[in-house]
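Results of the structural survey
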Amino acid sequence: MSRVDLFSPIHKGLRGALFEFATDVARVELSSTHAIDRLVAQVERVLAYLDEHADHEDSHTFVALRGLSPELADELAGDHHALDIVQREVERLAHELALADLARREEAAAKLGVAINHLVAMQLIHMNREETLANEALWTGLGDDALVALRSRLVATIPAARYAEWIQLVGRFTSPVERHLVDNARVG
Ligand SMILES: [Fe+2]
């Protein structure tokens, strides 16, 4: 029987958003200021999701994990610090692209693309470690009731309007069964 998975459905949404902005930066119409502005807004939106998600894990999931496997919790929290550095670099390069004049847009978009692909690669490895190693530790040390309670405490900290945005993001990249579970997490 499958266990309560605190990571995988949310990660599907985040991976979908990461893949989208990696492909969108590669094909952005550089002559269009509107397209550049839309891309930069997309980058900021995805970075906000990633920042919030890391904060949720640091404040809730890793607190529980630290009681079961302190070394793993510290390693994954260290990943978050390393990811934050790359995310701030992506943010800086997105702003540089937004401000670049037409002649400098190609170079600015290429630099942003390299940073985004670096971020995607790091995030994929990090999320994989959480979905395998962290889940294994949580599933060994905690029952599903405790995991549902943990998820409910985490979800209760998210304002309703923002939670609706999370549901929308995750809903675009998950199966109907997972969508139902995530929909009900707020009252779970
Ligand atoms: Fe994480």
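What comes next is a walk through the structure. Computed from a predicted model, the values in this text were never measured in an experiment.

Parameters and conventions
- Residues numbered from 1 in each chain as written.
- Predicted model: local features only at pLDDT ≥ 70, side-chain atom pairs only at ≥ 80, totals over all residues.
- Heavy atoms only, no water.
- Helix = DSSP H or I, 4+ residues; strand = E, 2+ residues; numbered from the N terminus.
- Rg over C-alpha atoms; globule rule 2.2 N^0.38 Å.
- Buried < 20%, exposed > 50% of the residue type's maximum accessible area, 1.4 Å probe, protein only.
- Contact = heavy atoms within 4.5 Å.
- Areas by Shrake-Rupley, 256 points an atom, 1.4 Å probe, with all protein chains shown as cover.
- Lys, Arg positive; Asp, Glu negative; His and termini not counted.
- Charge placed at Lys NZ, Arg CZ, Asp CG, Glu CD.
- Core = buried A, V, L, I, M, F, W, Y, C linked by side-chain atoms within 4.5 Å.
- Donors = N, O, S within 2.8 Å, 3.2 Å for Na, K, Ca; no water.
- Tetrahedral: all angles 85-135°; square planar, octahedral: opposite > 155°, others 65-115°.
- Expected span 1.5 Å × (residues − 1).
- Bend = angle between axes of the 7 residues up to and from the residue.
- Axes fitted to C-alpha atoms, helices over the stretch in contact; angles between N-to-C directions.
- Parallel < 35°, antiparallel > 145°, perpendicular 65-115°, else oblique.
- Left-handed = near helix turned anticlockwise from the far one by under 90°.
- Nonpolar A, V, L, I, M, F, W, Y, C, P; charged D, E, K, R; others polar.

For the protein chain, the count of helices and strands is seven helices and zero strands. Starting at the N terminus and ending at the C terminus, the protein chain contains elements arranged as α-α-α-α-α-α-α. Against the compact-globule benchmark of 16 Å for 188 residues, the protein chain has a radius of gyration of 18 Å, which places it among compact chains. If you line up the protein chain on its principal axes, its C-alpha atoms span 60 × 35 × 25 Å. With 188 residues in all, the protein chain has 44% of them scored as buried. Within the protein chain, counting contacts between residues at least 6 apart in sequence, those at least 24 apart form 79% of the total. Accessible area of the protein chain: about 9700 Å², with a carbon and sulfur share of 58%. Between the averaged position of the 19 positive side-chain charges in the protein chain and that of its 30 negative side-chain charges there is a distance of 4 Å.

Moving on: the nonpolar core. Residues Leu18, Phe21, Val90, Leu112, Ile116 and Leu119 are the most contacted members of the largest nonpolar core, which totals 39 residues. Counting only elements with at least two residues in this core, the list comes to α1 (8-27), α2 (33-68), α3 (70-99), α4 (105-141), α5 (144-156) and α6 (160-173). Considering each element in turn, this core owes the most residues, nine residues, to α2. Apart from residues lying up to four places away in sequence, Ile116 is in contact with Phe21, Ala22, Val25, Val43 and Val90. In this structure, Leu76, Ala77, Ala137 and Leu147 belong to the second largest nonpolar core, which totals 14 residues.

Protein coordination at the iron ion: the donors are Glu57 (OE), His80 (NE2), His126 (NE2) and Glu130 (OE), at 1.9 to 2.3 Å from the metal. Taken together, the four donor atoms coordinating the iron ion and their angles of 79 to 160 degrees define a geometry best described as irregular. All donors to the iron ion come from one chain, and their sequence spacing reads E-x22-H-x45-H-x3-E. Here the residue His80 occupies a position in helix α3, and His126 occupies one in helix α4, the gap between them amounting to 46 residues. With a relative accessible area of 3%, His126 lands in the buried category.

Before going further, it helps to examine the environment of Asp55. Topologically, Asp55 is positioned in helix α2. For the pair Asp55 and Ala77, spaced 22 residues apart in sequence, the C-alpha to C-alpha distance is 9.9 Å.

For α2, with 36 residues, the first-to-last C-alpha span of 50 Å sits near the 52 Å given by 1.5 Å per residue. Bending of α2 peaks at approximately 45 degrees at the position of Phe62.

Bringing the packing of α2 against α5 into the picture now. Where α2 contacts α5, the axes come no closer than 10 Å and their chain directions differ by 160 degrees. It follows that α2 is roughly antiparallel to α5 by the angle criterion. Two packed elements cross with a definite hand, and for α2 against α5 that hand is right-handed. Residues His56, His60, Thr61 and Ala64 of α2 form the contact with α5, whose own contacting residues are Leu150, Arg153 and Leu154. When its residues are assigned to classes, the contact of α2 with α5 shows three nonpolar, three polar and one charged.

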